[in-house]
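# Coordinate inspection notes
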Amino acid sequence: MDMYVVKTLALTTVLLVVIYIFTFRRLRKNRDKKWDSVQDYRDRYVKRREHRSGETNYVTKYNSTEDYREK
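The model shown is predicted, which means the values in this text are computed figures rather than measured ones. (Residues numbered from 1 in each chain as written. Predicted model: local features only at pLDDT ≥ 70, side-chain atom pairs only at ≥ 80, totals over all residues. Heavy atoms only, no water.)

### Examining the overall build of the protein
When helices and strands are tallied, the protein shows two helices and two strands. When the helices and strands of the protein are listed from N to C terminus, the series reads α-α-β-β. (Helix = DSSP H or I, 4+ residues; strand = E, 2+ residues; numbered from the N terminus.)

### Remarks on a nonpolar patch on the surface
On the surface, a cluster of nonpolar side chains totalling about 420 Å² of accessible area is made up of V17, Y20, I21 and F24. Mapped onto the elements of the fold, V17 is located in helix α1 (residues 2-29). (Patch = residues over 30% accessible without salt bridge, like charges linked within 9 Å, V, L, I, M, F, W, Y side chains within 5 Å. Areas by Shrake-Rupley, 256 points an atom, 1.4 Å probe, with all protein chains shown as cover. Salt bridge = Lys/Arg side-chain N within 4 Å of Asp/Glu carboxyl O.)

### Details of α1
The first and last C-alpha atoms of α1 sit 41 Å apart over 28 residues, in line with the 40 Å expected at 1.5 Å per residue. Little of α1 sits inside the fold, with zero of its 28 residues counted as buried. (Expected span 1.5 Å × (residues − 1). Buried < 20%, exposed > 50% of the residue type's maximum accessible area, 1.4 Å probe, protein only.)

### Some details on the confidence of the model for the protein
For the protein, per-residue confidence averages 79 on the pLDDT scale, and 70% of positions sit at 70 or higher. Mean pLDDT across the elements of the protein ranges from a minimum in strand β2 (residues 69-70), with 55, to a maximum in α1, with 93. (pLDDT = per-residue confidence, 0-100.)

### Examining the packing of aromatic side chains
Within this structure, the stated rule accounts for two aromatic pairs. Relative to F24, the ring of Y20 has its centre 6.4 Å away and its plane inclined at 20 degrees; by these criteria the two rings are stacked. Taken together, the positions of Y20 and F24, both in helix α1 and four residues apart, correspond to about one turn of that helix. (Phe/Tyr/Trp six-rings, centres within 6.5 Å; stacked < 30°, edge-to-face > 60°.)

### Here's the deal with a positive patch on the surface
A surface patch of positive charge is lined by R25, R28, K29, R31, K33 and K34. Mapped onto the elements, R28 comes out in helix α1. You can call R28 exposed: its relative accessible area is 55%. (Lys, Arg positive; Asp, Glu negative; His and termini not counted. Charge placed at Lys NZ, Arg CZ, Asp CG, Glu CD.)

Okay, here's the thing in structure tokens:
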């Protein structure tokens, strides 16, 4: 009975290692195909900021709205 338990544990361990290796290789292979929602949001945000129509961005000094503007 003791040898049966050892064989079963060994077989289970080997099976788990094979599944782990298979999963790891598949994830590594498909890493570039994943959709990155954070990067997609950042790209869209930058495009919106760059393509604003009719707005000019001024940098004010000393938290003043009208005293001084850098162009």
